[in-house]
Amino acid sequence: MDSRGAIELLQTAASLAALARLSYLNLVKQFPALAAYLVFLAVIKLVFGLLDPVSAFYFWSYVVFEILKWIFSIFAVRELFALTFNRYPGIRTVGRWAMYTGVALALGISLLVTRVFWSGGVRGRSAHLFYFEVSQRSVVFTLAFVIVTILIILSKYPLHLSKNALVSGVFFSILFLSEAAQLLFDSLAPMLYNFYADWAEAAFVSICLLGWAALLKPETETIPARISFSTPREDYLLQQLDALNQMMTRSVRR
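Please read these numbers as outputs of a predicted model, since none were measured by experiment.

**Brief notes about the overall build of the protein**
- A tally of helices and strands in the protein yields 8 helices and 0 strands.
- Ordering the α and β elements of the protein from the N terminus gives α-α-α-α-α-α-α-α.
- For the protein, long-range pairs separated by at least 24 residues make up 77% of all intrachain contacts whose partners lie at least 6 apart in sequence.
- Per element, the accessible surface of the protein, about 14,500 Å² overall, is 68% carbon and sulfur.

This is the structure in structure tokens:
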């Protein structure tokens, strides 16, 4: 087996280990989209690790799996957004539709710009593959923008999330951002492919998945009650979120 196949199978093992931990702690119902993403990631990495990369079946498997991966990624990021704003349904609803709109606009604009300015022609499979790669990067970078927004909000506002929700949000945010960084390095390479960036991203993703699984805790775990007092700044920030949530709730109902 070559190093490429070993990299793919490494991610398969890490995904299955994280999924096993999630199942063992009975957290699949709490994080269904993240669990589905883990299953899909394990499947595609297993297939890519076993197939010959120069075969036609590998090529078409890549195309089909990548399109499905966009869908699984969108639902996973949507779940992270929902976990972050669990107490704010108005913000959650508007943010979800803003994400859908952002992905659609990014796809449309990037393909239009590529069509107008790309001088490589539009004939042959290579042209279709180029458009496909552009679409892939548009989706990932748009989701990365949503992820950065979630991380900024988590760092600024005292949302008081459960430990499992906080750990899941942070680790999967880092995971998606690492994919965006890898695609950025690939985009700068002459053949739109950088082996070292892909290998580093695969190893980093595996570490993230294992770290996330290790930090998950049973929901039934009894934790001693701790009395805490909010600061005036925390109260002010929470009032901001409440006001924004009420405004967005009213706008959704109209």
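There's plenty left to go through after this.
**A short note on the environment of Leu-68**
- Its place among the elements puts Leu-68 in helix H3 (residues 56-84).
- Taking relative accessible area as the criterion, Leu-68 reaches 33% and is therefore assigned partly exposed.
- Through-space distance from the C-alpha of Leu-68 to that of Phe-40 is 8.7 Å; in sequence the pair is 28 residues apart.

**Here's the deal with the nonpolar core**
- Grouped together as the largest cluster of nonpolar side chains are 49 residues, with contacts concentrated most on Phe-172, Phe-176, Leu-209 and Trp-212.
- Ignoring anything within four residues of it in the chain, the contact list for Leu-209 reads Ala-14, Ser-15, Ala-18, Leu-38, Leu-41, Phe-172 and Leu-175.

**A short note on the packing of aromatic side chains**
- In the structure shown here, the tally under the stated rule is 11 aromatic pairs.
- With centroids separated by 4.8 Å and ring planes inclined at 45°, the aromatic side chains of Phe-81 and Phe-85 adopt a geometry described as tilted.
- In this structure Phe-81 comes out as buried when scored by relative accessible area, which is 12%.
- Since its relative accessible area comes to 2%, Phe-85 is described here as buried.
- One aromatic cluster in this structure is built from Phe-40, Phe-48, Tyr-58, Tyr-62, Phe-65 and Phe-72.

**What about helix H1 (residues 3-24)?**
- Counted at 1.5 Å a residue, the expected span for H1 with its 22 residues is 32 Å, and the 31 Å between its end C-alpha atoms agrees.
- Tucked into the core, H1 has its buried residues touching helix H2 (32-50), H3 and helix H7 (195-215).

**Notes on the confidence of the model for the protein**
- With 79% of its residues at a pLDDT of 70 or more, the protein shows a mean pLDDT of 78.
- Per-element confidence in the protein is highest for H2, whose mean pLDDT is 91, and lowest for helix H8 (residues 232-253), whose mean pLDDT is 67.
- Counting contacts from residues 121-125, a segment whose pLDDT is below 50, to residues more than four positions away or on other chains yields 5 contacts.
- Here residues 221-229 is a poorly scored stretch, pLDDT under 50, and it has 0 contacts once near neighbours within four places are set aside; other chains count.

**Here we look at unusual backbone geometry**
- Of note, the phi angle at Asn-26 is positive, near 55°, even though the residue is not glycine.
- By secondary structure assignment, the location of Asn-26 is in the loop between H1 and H2.

**Details of a nonpolar patch on the surface**
- Side chains of Val-64, Ile-67, Leu-68, Ile-71 and Phe-75 sit close together on the surface and give an oily, nonpolar patch of about 400 Å² of accessible area.
- Assessed through its relative accessible area of 37%, Ile-67 is described here as partly exposed.

Cut-offs applied
- Residues numbered from 1 in each chain as written.
- Predicted model: local features only at pLDDT ≥ 70, side-chain atom pairs only at ≥ 80, totals over all residues.
- Heavy atoms only, no water.
- Helix = DSSP H or I, 4+ residues; strand = E, 2+ residues; numbered from the N terminus.
- Contact = heavy atoms within 4.5 Å.
- Areas by Shrake-Rupley, 256 points an atom, 1.4 Å probe, with all protein chains shown as cover.
- Buried < 20%, exposed > 50% of the residue type's maximum accessible area, 1.4 Å probe, protein only.
- Core = buried A, V, L, I, M, F, W, Y, C linked by side-chain atoms within 4.5 Å.
- Phe/Tyr/Trp six-rings, centres within 6.5 Å; stacked < 30°, edge-to-face > 60°.
- Expected span 1.5 Å × (residues − 1).
- pLDDT = per-residue confidence, 0-100.
- Patch = residues over 30% accessible without salt bridge, like charges linked within 9 Å, V, L, I, M, F, W, Y side chains within 5 Å.
- Salt bridge = Lys/Arg side-chain N within 4 Å of Asp/Glu carboxyl O.

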